[in-house]
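Chains, contacts and geometry: an overview
What follows is each chain in one-letter form.
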Amino acid sequence: MTTIVLASPTLATRSAKIPGNMAIWAAILSEMSEFAIMFIVYFLAKVHNPEIFKEGPTKLSTLAGTSNTIIMLTSSFFVVRAVIAMRENSPEKSVRWLWGAVLCGVLYLIIKYFEYEWNTSQGISTETNIFYAVYYYVTFNHFLHVGWGSAAIIWVIYRLNTGIYTQEEHEGLINIALYWHMIDLAWITIFPLLYVIR
Amino acid sequence: MKITHIKLIEILWLLLIALTLFSAYVAEIPNPGLDSVVIMALVLAIKGRIIVDYFMELKDSHIVLRTLMQVYFYVIPALIILVYLFPEEIAAWTVL
């Protein structure tokens, strides 16, 4: 029989059953609602334009979409490792994991830039049809989130380096970890909707 | 056999990558049908649940917060299947 033993207390048990603080959850739930509205727009546009939405994903780069999904998931993994390292009182290790997450964020942005360039060379733009209008609106919005999310991680790295966070008190790190996972959640939803399902 | 927290997170990360590669394979199928749409909806539900429960560590957290986040990954996959099965009906209900 397999038994799962957590090596350290979870975020939840350490902070009254709510990981992070209420402010970050207000932000996360607002952002999740914002993305939910975009997904509803996608579904409505799809049922009213079935042929366009069937054709749309076939002209996008599955390679770019898949690569960015793997990069986002890996960045989330790095962020989890950064939180675990801090709980184990290893701020240096935590900083290294966070730089890994920033690197993933930058890679994501570079791939997305080249994906947009590639689309343009294929004659795809925001005005091609409603599928690509939705695609650009949703993915560019997500692009911005990855940009400022990466910047926020760099801010937390700076704070870690100044020694502000301790093994017992590192709520700022937990907050950005949660926010970054939200950005990841949005992307894992965008990926099947725009690149896979026809 | 005991699994440490780090080992569990590593296994889940690899599972997420495997599910993503599987999605990429489905994306290249010439004429996908209901089966591939259902599979993609299930893959999204599983990936979302893993991140919510284990990466965000909401598995044992406050019930309202946990439920709100988990429900998201029941509703979107359900909508994916409903939109595939009943596009004309939904289109008819959503005309201004």
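Everything numeric in this text was worked out from a predicted model, so none of it was measured. (Residues numbered from 1 in each chain as written. Chains lettered and ligands numbered in written order. Predicted model: local features only at pLDDT ≥ 70, side-chain atom pairs only at ≥ 80, totals over all residues.)

Looking at the overall build of chain A
In terms of regular secondary structure, chain A is built from seven helices and one strand. Listing the helices and strands of chain A from first to last along the sequence gives β-α-α-α-α-α-α-α. Counting over 198 residues, chain A shows a buried share of 43%. Sequence-distant contacts in chain A: of pairs separated by 6 or more residues, those separated by 24 or more amount to 81%. (Helix = DSSP H or I, 4+ residues; strand = E, 2+ residues; numbered from the N terminus. Buried ≥ 20, exposed ≤ 12 C-beta atoms within 10 Å, placed from the backbone. Contact = placed C-beta atoms within 7 Å.)

Quick notes on the overall build of chain B
Looking only at helices and strands, chain B has four helices and one strand in total. Over its C-alpha atoms chain B spans a radius of gyration of 17 Å, topping by over 25% the 12 Å that the globule rule assigns to 96 residues. With the C-alpha coordinates aligned to their principal axes, the bounding extent of chain B is approximately 50 × 35 × 20 Å. A total of 96 residues make up chain B; the buried ones form 30% of that total. (Rg over C-alpha atoms; globule rule 2.2 N^0.38 Å.)

Notes on helix 1 (residues 5–27) of chain B
Since there are 3.6 residues in each turn of an α-helix, residues three or four apart along the chain are aligned in direction. With 23 residues, helix 1 of chain B extends 33 Å between its outermost C-alpha atoms, agreeing within 8% with the 33 Å of an ideal straight helix rising 1.5 Å per residue. Within the span of helix 1 of chain B, buried status applies to Trp13(B), Leu16(B), Thr20(B), Ser23(B) and Ala27(B). Residues of helix 1 of chain B that are buried make contact with helix 4 (62–87) and helix 7 (171–196) of chain A together with helix 2 (34–55) of chain B. (Expected span 1.5 Å × (residues − 1).)

A word on helix 2 (residues 22–48) of chain A
If you check helix 2 of chain A, its first and last C-alpha atoms are 39 Å apart, about what 27 residues at 1.5 Å a residue would give, namely 39 Å. Among the residues making up helix 2 of chain A, those that are buried are Ile24(A), Trp25(A), Ile28(A), Phe35(A), Phe39(A), Tyr42(A), Lys46(A) and Val47(A). If you follow the buried residues of helix 2 of chain A, they end up packed against helix 3 (50–55), helix 6 (130–161) and helix 7 of chain A together with helix 3 (63–85) and helix 4 (87–93) of chain B.

Quick look at the interface of chain B and chain A
Taken together, the contacts link 41 residues of chain B with 45 residues of chain A. Looking at the side of chain B that touches chain A, the elements with two or more residues in it are strand 1 (2–3), helix 1, helix 2, helix 3 and helix 4 of chain B. Considering every element that reaches the side of chain B that touches chain A, the biggest residue donor is helix 1 of chain B, with twelve residues. The class makeup of the residues in the side of chain B that touches chain A is 28 nonpolar, eight polar and five charged. (Nonpolar A, V, L, I, M, F, W, Y, C, P; charged D, E, K, R; others polar.)

Things to note about the packing of helix 4 of chain A against helix 7 of chain A
Residue and element names in this part refer to chain A. Two elements in contact, helix 4 and helix 7, have axes separated by 10 Å at closest approach and are oriented at 160°. Judged by the angle between their axes, helix 4 and helix 7 are roughly antiparallel. Like other packed secondary-structure pairs, helix 4 and helix 7 cross with a definite hand, here left-handed. Here Thr62, Gly65, Thr69, Met72, Leu73, Ser75, Ser76, Val79, Ala82, Val83 and Met86 of helix 4 lie close against helix 7, whose contacting residues are Leu173, Ile174, Ala177, Trp180, His181, Asp184, Trp187, Ile188, Phe191 and Tyr195. Here the contact of helix 4 with helix 7 is built from residues that sort into 14 nonpolar, six polar and one charged. (Axes fitted to C-alpha atoms, helices over the stretch in contact; angles between N-to-C directions. Parallel < 35°, antiparallel > 145°, perpendicular 65-115°, else oblique. Left-handed = near helix turned anticlockwise from the far one by under 90°.)

Considerations on unusual backbone geometry
With a phi angle near 60°, Asn89(A) is a residue other than glycine that sits in the positive phi range. Summarising the element assignment, Asn89(A) is placed in the loop between helix 4 and helix 5 (91–121). For Asn89(A), a count of 11 C-beta atoms within 10 Å gives the class exposed. Residue Glu57(B) is not a glycine yet carries a positive backbone phi of 60°. Checked against the element boundaries, Glu57(B) lands in the loop between helix 2 and helix 3. When the 25 C-beta atoms within 10 Å are taken as the criterion, Glu57(B) is described as buried.

Remarks on the nonpolar core
Formed by 76 residues in total, the largest nonpolar core has its most connected members in Ala82(A), Ala101(A), Leu173(A) and Ala177(A). Listed by contribution, the elements that provide at least two residues to this core are helix 2, helix 4, helix 5, helix 6 and helix 7 of chain A together with helix 1, helix 2 and helix 3 of chain B. The leading source of residues in this core is helix 7 of chain A, at 19 residues. Setting aside residues no more than four positions away along its own chain, Ala82(A) makes contact with Ser94(A), Trp97(A), Leu98(A), Ala101(A), Leu173(A) and Ala177(A). (Core = buried A, V, L, I, M, F, W, Y, C linked by C-beta atoms within 7 Å.)

Considerations on the environment of Met182(A)
With respect to the secondary-structure elements, Met182(A) resides in helix 7. Taking the C-alpha atoms as reference points, Met182(A) and Leu109(A), 73 residues apart in sequence, are found 17 Å from one another.

Topic: the environment of Lys47(B)
Within the secondary structure, Lys47(B) is located in helix 2. The buried category is assigned to Lys47(B), around which 25 C-beta atoms lie within 10 Å. C-alpha separation for the pair Lys47(B) and Ile80(B), spaced 33 residues apart in sequence, amounts to 15 Å. Among all residues touching Lys47(B), those that are not within four sequence positions of it are Ile188(A), Leu16(B) and Leu19(B).

What to know about the confidence of the model for chain B
Atomic detail in the predicted coordinates should be set aside for any region of low pLDDT. All names here are of chain B. Overall, the prediction assigns chain B a mean pLDDT of 93, with 99% of residues at 70 or greater. For chain B, the element scoring lowest by mean pLDDT is strand 1, at 77; helix 3 scores highest, at 96. Interface confidence for the predicted complex, expressed as ipTM, amounts to 0.94; the pTM equals 0.92. (pLDDT = per-residue confidence, 0-100.)

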